[in-house]
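Spelled out, the chains give:
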Amino acid sequence: MAHEKTPVGSVRPSQLLWTYGPGALIDLPNLSVVTSGIDIWEKDRCNLVIENRLLAAVQKALGPQVESLRMPPISKSESNDTSSAEANVGVPVRPFPRWLRCVKCGLLSPYDSGLFELKEGYRRPEATRFVHQGCRGSKGDQPAKDADAVPARFLLACKNGHLDDFPWQWFVHSGPNDCKGTLRFFESGASLQTENLWVKCDACGAARNMAHAFGQLGKENLPGCRGRHPHLDQFEPDCDADPRAVLLGATNSWFPVSLSALAIPQAKDALAQLLEDGWSFFSDLESLDEVPLTIKLLKKTGS
Ligand SMILES: [Zn+2]
Ligand SMILES: [Zn+2]
Ligand SMILES: [Zn+2]
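Each chain has its residues counted from 1, following the order in which its sequence is written. As they are written, the chains are lettered A onward and the ligands numbered 1 onward, keeping that order. At least 70 in pLDDT is required for a residue's local features to be given in this predicted model, at least 80 for side-chain atom pairs to be given and counted, and no such filter applies to totals for whole chains, interfaces and linings, which use all residues. To get the side-chain values, take all heavy atoms of the structure and skip hydrogens and water.

**Brief notes about the pattern of salt bridges**
Salt bridges, as used here, are contacts in which a Lys or Arg side-chain nitrogen is within 4 Å of a carboxyl oxygen on Asp or Glu. Summed over the entire model, instances satisfying the criterion amount to 13 salt bridges. The partner of Lys5 in a salt bridge is Glu42, and the shortest N-O contact between them spans 3.5 Å. With Lys5 in the segment before α1 (13-18) and Glu42 in the loop between β2 (32-35) and β3 (48-49), this pair connects stretches of sequence that are 37 residues apart. Think of it in three bands: residues with accessible area under 20% of the maximum for their type are buried, residues over 50% are exposed, and the middle band is partly exposed, with areas taken using a 1.4 Å probe on protein chains only. Exposure remark for Glu42: the relative accessible area of 33% places this residue in the partly exposed category. Arg226 is paired through a salt bridge with Asp164; the nearest N and O atoms lie 2.7 Å apart. A residue pair is termed long-range when its members are at least 10 positions apart, and Arg226 in the loop between α4 (215-221) and β16 (228-229) and Asp164 in strand β12 (residues 163-165) qualify at 62 residues. By relative accessible area, which is 48% here, Arg226 ends up partly exposed. Linked through salt bridges whose partners overlap, the residues forming this network are Arg98, Asp112, Asp164, Asp165, Arg226 and Arg228. Helix and strand labels come from DSSP, where a helix needs a run of H or I of at least four residues and a strand needs a run of E of at least two; each type is numbered from the N terminus.

Here you go:
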């Protein structure tokens, strides 16, 4: 999915503030994605919010590099036609966790390993999903047929706010190793308790019970935190916190930080209000000729 955009679903603007902000995971019907950092949002599609006191409060908390406050990008039409340019206006997300599991054969691999294929849900973004191409079942004896792949539901998180893929390869081989075998997830027993979930390596036969990823055993069996920020595509070096295994969909994995201000109109007429609210834009102007365009721009951005 390097350059192509595929619509995968929709959320309300208020959900972007309170539930699915940058760094949060969105558990869609067939996919799990992380909301990307605002550095890769399309700024031109995000209307300005001109509210000087709120901007000052945000700058005080985050620093003077915050230039402006903006709304999320909103597409103008309600069309579900995923082939239109308008349908591609939105908040960028990427698949996370990156590891998927084939529901038929248990194959466990990153989504971009070449074993899975993205099937776009034309006209129905929420139907977009990954499939295991030519799956032949867990014993490899069935006719090749595409089977649905779902996100592997285990992740690593640390108290410093890092979130990473579960270290499947490391975990099943009990530490760092060069084995290139494909991994498989399987169940023993009737219930889906962690004690009944296993991961195994097809090549060397190493296998491990998922219960080893939790509690005291987890502390002994998991690698150190890599400092991953999946929404920024970055790794922060030198995190000293112990990562813990968490389940996808845990409600305590993301919290918003919010600041609010009460907007009280100060000036008596609309033009004076516009001047006051947009003063940071007017103060930069070099000639009178630039005024009408600035006013037009500010009006357009909904001030
Ligand atoms: Zn399969
Ligand atoms: Zn192996
Ligand atoms: Zn960490």
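From this point on, the discussion continues.
**Describing the packing of aromatic side chains**
What describes a pair of aromatic rings is the distance from one ring centre to the other and the angle between the planes of the rings. For this analysis, a ring pair means two rings from Phe, Tyr or Trp (six-membered ring only for Trp) whose centres lie within 6.5 Å, classed as stacked if their planes differ by under 30 degrees, edge-to-face if by over 60, and tilted for the remaining angles. If you walk through the whole model with that rule in mind, you get 9 aromatic pairs. Between Tyr111 and Phe130 the ring centres are 5.6 Å apart and the planes differ by 50°, which places this aromatic pair in the tilted class. Here Phe130 lies in strand β9 (residues 129-135) and Tyr111 lies in the loop between β7 (107-110) and β8 (116-119), a separation of 19 residues in the sequence. You'll find Tyr111 and Phe130 in the same group, each marked buried. Across the ring face of Phe186, the terminal group of Lys200 is positioned such that the distance to the ring centre comes to 5.6 Å. A ring has a charge above it when a Lys NZ or an Arg CZ is no more than 6 Å from the ring centre and no more than 35 degrees off the ring normal.

**Some thoughts on the coordination of the zinc ion (ligand 2)**
Ligating atoms shown are N, O and S within 2.8 Å of the metal, or 3.2 Å for Na, K and Ca, and water is not included, meaning a site may look less than complete. Protein coordination at the zinc ion (ligand 2): the donors are His173 (NE2), Cys179 (SG), Cys201 (SG) and Cys204 (SG), at 2.0 to 2.3 Å from the metal. Coordination at the zinc ion (ligand 2) is tetrahedral: its 4 donor atoms span angles of 103 to 126° at the metal. Given the relative accessible area of 1%, Cys201 is considered buried. A residue is classified by how much of its surface remains accessible, and Cys204, at 45% relative accessible area, is partly exposed. Working rule for geometry: tetrahedral if four donors all subtend angles between 85 and 135 degrees; square planar for four, octahedral for six, if opposite donors exceed 155 degrees and the others stay between 65 and 115; irregular in every other situation.

**Looking at the coordination of the zinc ion (ligand 3)**
Coordination of the zinc ion (ligand 3) by the protein involves Cys158 (SG), His162 (ND1), Cys225 (SG) and Cys239 (SG), with metal-donor separations of 2.2 to 2.3 Å. Coordination geometry of the zinc ion (ligand 3): the 4 donor atoms subtend angles of 100 to 118° at the metal centre, consistent with an arrangement described as tetrahedral. Ordering the donors of the zinc ion (ligand 3) by residue number gives the pattern C-x3-H-x62-C-x13-C. Remark: Cys225 occurs in the loop between α4 and β16 and His162 occurs in the loop between β11 (154-157) and β12; sequence separation between them is 63 residues. Given a relative accessible area of 4%, His162 falls into the buried group.

**So, the pairing of strand β13 (residues 183-187)**
Should DSSP find at least two bridges between two strands, the strands are taken to pair. With 2 bridges connecting them, β7 and β13 associate as antiparallel partners. Counted as the bridge partner of Leu107 is Arg184 from β13. By the bridge criterion, 5 bridges tie β13 to strand β14 (residues 197-201) in an arrangement that is antiparallel. Residue pairing in the sheet places Glu187 in a bridge with Leu197 of β14.

**A word on the nonpolar core**
The tendency in soluble globular proteins is for nonpolar side chains to be buried as a group. Counting residues in hydrophobic clusters, the biggest one holds 19 residues, and the most contacted among them are Leu108, Phe166, Trp168, Leu183, Val199 and Met210. Elements with a contribution of two residues or more to this core: β11, α3 (168-172), β13 and β14. Note on contacts: a residue pair qualifies if any of its non-hydrogen atoms lie within 4.5 Å across the two residues. In contact with Phe166, not counting residues within four places along its chain, are Trp99, Phe154, Leu155, Leu156, Phe171, Met210, Ala213, Leu222 and Ala245. Residues enter a nonpolar core if they are buried and are Ala, Val, Leu, Ile, Met, Phe, Trp, Tyr or Cys, with the set joined through side-chain atoms within 4.5 Å. Counting 15 residues, the second largest nonpolar core, distinct from the first, contains Leu100, Cys102, Phe116 and Phe130.

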